[in-house]
Amino acid sequence: MGSDEKFDAIVVGGGLAGCAAAYTLAKEGLEVALIERGQSCGAKNVTGGRIYAHSLDRLIPDFETTAPLERKITKERVMLARADDWTTIEYGRGEADANAASYSVLRNKLDAWLAERAEEAGAMTVCGIRVDKLLQKDGAVRGVVADGDVLEADCVILAEGVNGLLAQKVGLKKELMPHQAAVGVKEIIKLDEETINDRFGLESGEGAALLIAGDASGGAEGGGFLYTNKDSISIGTVATLSHIGAGGRVKVPDMIDRLKEHPGIAPLLRGGEAREYAAHLVPEAGANMTPELFWNGVLACGDAAG
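Each chain carries its own residue numbering, running from 1 in the written order of its sequence. Local features are withheld for residues below a pLDDT of 70 in this predicted model, meaning they are given only at 70 or higher, and side-chain atom pairs are given and counted only at 80 or more; totals for whole chains, interfaces and linings count all residues. Side-chain descriptors were evaluated using all non-hydrogen atoms of the structure, hydrogens and water having been removed beforehand.

Engineer: Explain the side chain of Lys75 to me, please; I cannot follow it from the model alone.
Structural biologist: What counts as a helix is a DSSP run of H or I of at least four residues, what counts as a strand is a run of E of at least two, and both are numbered from the N terminus. Relative to the elements of secondary structure, Lys75 occurs in strand β4 (residues 69-81). Partly exposed describes any residue whose relative accessible area lies between the buried limit of under 20% and the exposed limit of over 50%, with all areas from a 1.4 Å probe on protein chains only and scaled to the type maximum. For this count, His and the chain ends are skipped, Lys and Arg are scored as positive, and Asp and Glu as negative. Basic side-chain nitrogens of Lys or Arg form a salt bridge, by our definition, when they fall within 4 Å of a carboxyl oxygen of Asp or Glu. It turns out Lys75 is buried and unbridged, and the closest side chain with the opposite charge, Glu90, is 4.1 Å from it. Here the side chain of Lys75 touches Gly201 through a polar contact of 2.6 Å, landing on its backbone oxygen. It only takes one pair of heavy atoms within 4.5 Å for two residues to be counted as in contact. Look past the residues within four positions of Lys75 in its chain and what remains in contact with it is Glu90, Tyr91, Phe200, Gly201, Leu202, Gly207, Ala208 and Ala209. Under the rule applied, a polar contact is a pair of N or O atoms within 3.5 Å (in protein, one hydrogen donor and one hydrogen acceptor; residues adjacent in sequence only if both atoms are side-chain atoms).

Engineer: I keep staring at the layout of surface pockets and nothing clicks. Help me out?
Structural biologist: Rolled over the atoms, a probe as big as a water molecule pinpoints where empty space is left. Only protein atoms enter the 1 Å grid used here. Points where a 1.4 Å probe fits but cannot escape make up a cavity, open sets with protein on both sides within 12 Å along at least five of seven lines make up a pocket, and a residue lines them when an atom lies within 4 Å of a point. Grid points are joined across faces, edges and corners, and a volume is the space filled by probe spheres set on the points. By volume, the second largest pocket is sized at about 220 Å³. In terms of lining residues, the second largest pocket is bounded by 14 residues, among which Leu106, Lys109, Ile188, Ser232 and Glu276 are the most central. Looking at the lining of the second largest pocket, the elements that each hand over two or more residues are α3 (107-120), β11 (181-190) and β15 (273-283). A breakdown of the residues in the lining of the second largest pocket according to their chemical character gives two nonpolar, three polar and nine charged. Residues are grouped as follows: nonpolar covers Ala, Val, Leu, Ile, Met, Phe, Trp, Tyr, Cys and Pro; charged covers Asp, Glu, Lys and Arg; every other residue, Gly included, is treated as polar.

Engineer: Any chance you could explain the packing of aromatic side chains here in plain terms?
Structural biologist: Each aromatic ring pair is specified by the distance between its two centres and by the angle formed by the two planes. Between the rings of Phe, Tyr and Trp (Trp by its six-membered ring), a pair exists once the centres lie within 6.5 Å; its type follows the angle of the planes, with under 30 degrees stacked, over 60 edge-to-face, and the other angles tilted. A full pass over the atoms with the stated rule returns two aromatic pairs. An angle of 90° between the planes, with centres 6.2 Å apart, marks the rings of Phe63 and Tyr103 as edge-to-face. Placement of the pair is Phe63 in the loop between α2 (53-59) and β4 and Tyr103 in strand β6 (residues 102-105), with a sequence separation of 40 residues. In this structure, Phe63 and Tyr103 share a single accessibility class: buried. With 5.9 Å between their ring centres and 25° between their planes, Phe225 and Tyr227 make a pair best called stacked.

Engineer: Which parts of the structure should I look at to understand the nonpolar core?
Structural biologist: Where a protein is soluble and globular, its nonpolar side chains tend to be buried together. To form a nonpolar core, buried Ala, Val, Leu, Ile, Met, Phe, Trp, Tyr and Cys residues must be joined to one another through side-chain atoms within 4.5 Å. Core analysis: the biggest nonpolar cluster contains 32 residues, and Phe63, Tyr103 and Trp113 have the highest contact counts within it. At the level of secondary structure, the elements contributing two or more residues to this core comprise β1 (6-12), α1 (16-27), β2 (32-36), α2, β6 and α3. Listed in part, the 23 residues of the second largest apolar core include Ile129, Leu158, Val170 and Ala305.

Engineer: Would you explain the environment of Leu80 in this entry?
Structural biologist: For Leu80, the position within the fold is in strand β4. When the C-alpha positions of Leu80 and Leu211 are compared, they lie 8.7 Å apart, and in sequence the two are 131 residues distant. When residues no more than four places from it in sequence are discounted, the contact partners of Leu80 are Asp85, Trp86, Thr87 and Ala213.

Engineer: What is the right way to look at the packing of α1 against α3 in this model?
Structural biologist: In a packed pair of helices, the relevant descriptors are the angle between the two axes and the axis-to-axis distance. Only C-alpha atoms enter the line fits that serve as axes; for helices the fit covers just the stretch in contact. Angles between N-to-C directions range over 0 to 180 degrees. Contact geometry for α1 and α3: axes closest at 8 Å, N-to-C directions at 15°. Judged by the inter-axis angle, α1 sits roughly parallel to α3. At the point where α1 passes α3, the crossing takes the left-handed sense. On the side of α1, the interface is formed by Leu16, Cys19, Ala20, Ala22, Tyr23 and Ala26, while α3 contributes Arg107, Leu110, Asp111, Leu114, Ala115, Arg117 and Ala118. Reported orientations rely on four angle classes, namely roughly parallel under 35 degrees, roughly antiparallel over 145, roughly perpendicular from 65 to 115, and oblique for the rest. Here is the rule for handedness: rotate from the far helix to the near one, and if that takes an anticlockwise turn smaller than a right angle the crossing is left-handed, while a clockwise turn gives right-handed.

Engineer: Sorry, what's going on with helix α5 (residues 193-200) here?
Structural biologist: Three- or four-residue spacings in an α-helix give side chains the same orientation, since the helix completes a turn every 3.6 residues. Taken as a whole, α5 has its buried residues at Thr195, Ile196, Asn197 and Phe200. One side-chain oxygen of the residue at the start of α5 lies 3.2 Å from the amide nitrogen of Glu194, identifying that residue as Asp192. Positive phi appears at Gly201, one or two residues downstream of α5, with a value of about 65°.

Engineer: Explain a nonpolar patch on the surface to me, please; I cannot follow it from the model alone.
Structural biologist: Taken together, the side chains of Val78, Leu80, Ile89 and Leu211 make up a nonpolar region of the molecular surface, amounting to roughly 350 Å² of accessible area. Inspection of the secondary structure puts Leu211 in strand β12 (residues 206-214). A patch is a set of surface residues, each over 30% in relative accessible area and not in a salt bridge, joined within 9 Å for like charges and within 5 Å for the nonpolar side chains Val, Leu, Ile, Met, Phe, Trp and Tyr. For the accessible areas, the method is Shrake-Rupley and the probe is 1.4 Å, while residue cover comes only from the protein chains on display.

Engineer: Please explain helix α6 (residues 252-260) as it appears in this structure.
Structural biologist: When α6 is considered as a whole, its buried residues turn out to be Val252, Met255, Ile256 and Leu259. Looking straight down α6, one finds that the buried residues subtend no more than 90° of arc, so they occupy a single side. Buried residues in α6 make contact with β11, β12, β13 (222-228), β14 (232-240) and β15. As used here, the arc is the angular range of directions from the helix axis to the C-beta atoms.

Engineer: In this structure, what is going on with the pairing of β6? I would like to understand it.
Structural biologist: Here is the key point about a regular strand: its side chains alternate between the two faces of the sheet. Going residue by residue along β6, you find Ser102 and Ser104 tucked away on one face and Tyr103 and Val105 tucked away on the opposite face as well. DSSP calls a pair of strands paired once it identifies at least 2 bridges connecting them. Here strand β3 (residues 50-52) runs beside β6; their pairing, made up of three bridges, is antiparallel. Within β6, the residue paired with Arg50 across the bridge is Ser104. Sheet topology note: the β4/β6 ladder contains three bridges and is antiparallel. What sits directly across from Leu69, in β6, is Val105.

Take a look at the structure:
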């Protein structure tokens, strides 16, 4: 990139919100740059691994034909767990309304796919660099400074995640408070497709989602989750920052081990091999943590917008 480049819009952050913004703008014929500090879009992005069709369908109506979806969720389970006992409620779903459908996904694949759609629409994607600050001129944001390069634009869209450091610098939001966010920890456990289908009572292409309340968070405000992928399982815990480690509660790294060893969960994972481990902050306070969404030349979206 050179310092003489000028764009209609620069999007900071190549997660789902940033890629969606870049795609939408580029599709309308605008000159767009999408900047992601990871080595690729999706390389460092983490969720429990589930997306609802009603959101993506409005953006790309035929997404199901090309998106790297893992399984369509057909079985919903809720587990209420104590240390040594548990009860599970299951809800099955047949051919439901398309807008009610949801899918298990792996973010490194899905985000990369959405970034490709943005590029096909005309956006320029730049990975592996960090935006250090916003460029301000005449009382408005007019670009970014990234790894020493100055890139000018009529508008900057901040899709930088829940911390929102750039949004803080320009005054859109305040520093994150412990009660406003939770930390999610996730592992990907490799298992073959036939084993997953047998253990969860699934047919090929069908998926299960399991939400766990109680012992999963060791007394902290939060819970656990499990999603079936094609040949792996996403499992993890979420706990509000203000509750973890306080009053003798278990620490976050211990929570996921505690969950995997629970007698109601361990048989589902038996024989699996851990392939990925990651942690990520997620917004928890809803409307109570929504910042100023825009200012002169800058707009926040996704987790940066609460």
